[in-house]
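Residue-level structural notes
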Amino acid sequence: MSNSKLRDKLLEVETYPEGLTDSIREVMDMKERPLKAWERPFMILCCVVFGMMLIGVPIWIAIGFPYPITKVPTYIIIGFAFAVVLLCCLLVLMLLSLKRGTWRLRDDQFATYAGAGFVFYMYLGSMTTNRAPGGWDIGAYILFAVLLLKIRIQASELSLREHMLRNELAVAKLAELIAGRTAADRKQSQG
Amino acid sequence: MASRSELIESELLLLQYRQNKPGALEKLVKLWERPLYYYVRRLLNTEDEAKDVTQDIWINVVRKLRAVRDPAAFPAWLFKVARTHAVSHFRKTRLLESLPEDGFSGEVSAWDANDVSSTLNAEELHWGLSQLSPSHSECLILHFLEGFSVEEVADIVGVAPGTVKSRLHYAKKALREVLEKEAQCDEQ
């Protein structure tokens, strides 16, 4: 008897507690439960409103007071506040655009959205301060582009590895089937 | 030992879990829940203890699953987490039995089902394993049934490879004695 078969038989001999499977499933459901259909728009609404309240409102209130002291033009501060709020919205959409609607995020998704958000933020910043992009801005764009590319490559590698494993699995299952069949034939011929 | 297709499937499922593929985690748990419970059950005395500890192990595993860097090393990591939990539970209740760990430095021969008894079957082996000390049975389960190398078992158990070899040697000897004694009793 091969060790693999012996192992399978031993596992069958041991009584597996019935309730254990259910309690393990409960643990997984807590982690894996996808958002329901009604939860997604509700979540977007809540997060956007929360983001605006949390970041936008204090900035809007604040610009009224420091102007006499700072003399910073109001449109710059408003532009900045909008950029922050829009960035928050982008973050919310990023989280909700997951395949299964869960809160977990793939590395490549995170890189895409964070990179897009950053570029948008920089662009808006340049617009509101009315200045041309400088060397630091361009450096930051390049850095993010490289980071994005790197993470994208990693994701492609993961996908390739998955395909390779699928093939390996098919071959291994076929080999096991053939081995089983050969053993059965041998037994039959001996018998 | 776990078949090659099971090991590949386990690696594939972990990879899919990382890509947020639906159902990957459930399949992964299904693949390993029984072998893991069998291992934990051999380390702990009662079914209730094993059940509680196994549940805790899975909570921890699901929480830390993303920390596994190499998907191929998942089985070894899983059993290591299981052992840590079981030992911590064990220490709360009683001390681990000390084993004779010196005196054997040779190579461990491969497992042969006929090695212990010519009429060995799964029920007998199961009973034999339950008669051994936890340290002995865990080495036999990990090395011969789950197919981990001596180095991997050493990493899981947290001892030197030489100690694992020694434990395997004594465990096989003890298992043979237990089964032979039982066979003699049956004959009488």
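All values reported here derive from a predicted model rather than from experimental measurement. (Residues numbered from 1 in each chain as written. Chains lettered and ligands numbered in written order. Predicted model: local features only at pLDDT ≥ 70, side-chain atom pairs only at ≥ 80, totals over all residues.)

Before going further, it helps to examine the interface of chain A and chain B. Across the boundary between the two partners, chain A contributes 35 residues, which contact 40 residues of chain B. Mapped onto the side of chain A that touches chain B, the elements with two or more residues apiece are α1 (3–13), α2 (18–32) and α7 (135–190) of chain A. Sorting elements by how many residues they give to the side of chain A that touches chain B places α7 of chain A first, with 10 residues. (Contact = placed C-beta atoms within 7 Å. Helix = DSSP H or I, 4+ residues; strand = E, 2+ residues; numbered from the N terminus.)

So, about helix α3 (residues 47–64) of chain B. Residues and elements named next belong to chain B. Over its 18 residues, α3 runs 25 Å from end to end, which matches the ideal 26 Å to within 8%, given 1.5 Å per residue. Taken as a whole, α3 has its buried residues at Ala50, Val53, Thr54, Ile57, Trp58 and Val61. Angularly, the buried residues of α3 cover 145° about the axis, an arc narrow enough to put them on a single face. Looking at α3, the residues exposed on the side facing more than 90 degrees away from the buried face are Asp48 and Arg63. (Expected span 1.5 Å × (residues − 1). Buried ≥ 20, exposed ≤ 12 C-beta atoms within 10 Å, placed from the backbone. Arc of directions from axis to C-beta.)

Attention now moves to the confidence of the model for chain A. Summarising the model, chain A shows a mean pLDDT of 70, and 43% of its residues fall at 70 or more. When mean pLDDT is compared element by element in chain A, α7 of chain A scores highest at 82, while helix α3 (residues 39–64) of chain A scores lowest at 60. (pLDDT = per-residue confidence, 0-100.)

In this section: the environment of Ala172 of chain A. Looking at where Ala172 of chain A falls in the secondary structure, it is placed in helix α7. Here Ala172 of chain A falls in the partly exposed class, since 17 other C-beta atoms lie within 10 Å of it. In contact with Ala172 of chain A, not counting residues within four places along its chain, are Arg4, Ser5 and Ile8 of chain B.

Residue and element names in this part refer to chain B. Within chain B, residue pLDDT values average 81, and 85% of them lie at 70 or more. Here residues 97–105 is a poorly scored stretch, pLDDT under 50, and it has 14 contacts once near neighbours within four places are set aside; other chains count. Interface predicted TM-score (ipTM) for the complex: 0.73; the corresponding pTM is 0.68.

Each packed pair of helices is defined by two parameters, the angle between the axes and the distance between the axes. Residue and element names in this part refer to chain B. Interhelical geometry of helix α2 (residues 24–43) versus helix α7 (residues 134–145) gives an angle of 160° and a closest axis separation of 8 Å. As judged from the angle between their axes, α2 and α7 are roughly antiparallel. Classified by chirality, the crossing of α7 by α2 is right-handed. Residue-level contacts link Tyr39, Arg42 and Leu43 of α2 to Pro134, Ser137, Glu138 and Ile141 of α7. A class-by-class count of the residues in the contact of α2 with α7 yields 4 nonpolar, 1 polar and 2 charged. (Axes fitted to C-alpha atoms, helices over the stretch in contact; angles between N-to-C directions. Parallel < 35°, antiparallel > 145°, perpendicular 65-115°, else oblique. Left-handed = near helix turned anticlockwise from the far one by under 90°. Nonpolar A, V, L, I, M, F, W, Y, C, P; charged D, E, K, R; others polar.)

Residues and elements named next belong to chain B. Axis separation between α7 and helix α8 (residues 150–157) bottoms out at 9 Å; the angle between their running directions is 135°. Relative to α8, the element α7 is oriented oblique. Between α7 and α8 the crossing geometry is right-handed. Contact with α7, carried on its side by Glu138, Cys139, Leu142 and His143, involves Val150, Val153, Ile156 and Val157 of α8 and no other residues of that element. Residue composition of the contact of α7 with α8, grouped by class: 6 nonpolar, 1 polar and 1 charged.

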